[in-house]
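# Summary of the model geometry
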Amino acid sequence: ESTEVPDEVLERIREVCLALPETREEQAWVGVRWRIRTHTFAHVLTIDKGWPPAYAAAAGTQGPACVVTLRPAPEELDALTHAGPPFFRPRWGRDMIGVFLDADTDWPQLAELLTESYCQLAPQKLAAQIHPRS
């Protein structure tokens, strides 16, 4: 049985994601994901006792650890990949990044990354409704 995502983490991510046009939240095979149409732009879950194994391997931890995966803007992908913790690179997504969520999480930065992830996958008409950061 998988470990649940802490309510406070879920609420903070939910607040950002559900404010974006046409976003829906779903239970994923593990954790919770947010989608724009058929595309997942954010997925939060807790790694515990090495489960799920792909996430544990990518994050380099057996857990417990809460993580979110998303798709940053292409110009930020390389920098985030090499930044080290709290960032890690999932092996299964060439355009994805993972972020450890803990007491030191920079929530404003994470909100920007979640919004950018949405814009990477949303139809142009919907992405254009989002104000780019200055």
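Residues numbered from 1 in each chain as written. Predicted model: local features only at pLDDT ≥ 70, side-chain atom pairs only at ≥ 80, totals over all residues. Heavy atoms only, no water.

## Considering unusual backbone geometry
To keep it simple, the criterion reads: Each helix is a run of H or I in the DSSP string that is no shorter than four residues. Each strand is a run of E no shorter than two, and both are numbered from the N terminus.
Across the junction of G63 and P64, the peptide omega takes the value 0°, indicating a cis bond. Tracing the backbone shows P64 in the loop between helix 2 (53–59) and strand 4 (65–70). With an omega dihedral of 15°, the bond running from P85 to P86 counts as a cis peptide bond. Position of P86 among the secondary structure elements: in the loop between helix 3 (74–81) and strand 5 (87–88). Positive phi is not limited to glycine here, since E22 has a value of about 60°.

## Quick look at the packing of helix 1 (residues 7–17) against helix 4 (residues 107–121)
How we decide: To get an axis, fit a line to the C-alpha atoms, keeping to the stretch in contact for a helix; angles then go from 0 to 180 degrees between the N-to-C directions. Angular relationships are summarised with four words: roughly parallel below 35 degrees, roughly antiparallel beyond 145, roughly perpendicular across 65 to 115, and oblique for the angles in between. Two helices that cross are described as forming a left-handed crossing if the nearer one is turned anticlockwise from the farther one by less than a right angle, and a right-handed crossing if clockwise. In this description, contact between two residues means that some pair of their heavy atoms is separated by no more than 4.5 Å. In this classification, the charged set is Asp, Glu, Lys and Arg, the nonpolar set is Ala, Val, Leu, Ile, Met, Phe, Trp, Tyr, Cys and Pro, and all remaining amino acids, among them Gly, are polar.
One can describe the packing of helix 1 onto helix 4 by two numbers: an axis separation of 9 Å at closest approach and a directional angle of 45°. As far as their axial angle goes, helix 4 and helix 1 are oblique. Both helix 1 and helix 4 take part in a crossing whose hand is right-handed. When helix 1 is examined against helix 4, the residues V9, R12, I13, V16 and C17 are found in contact with a partner set consisting of W107, L110, A111, L114 and T115. Tallied by class, the residues present in the contact of helix 1 with helix 4 amount to 8 nonpolar, 1 polar and 1 charged.

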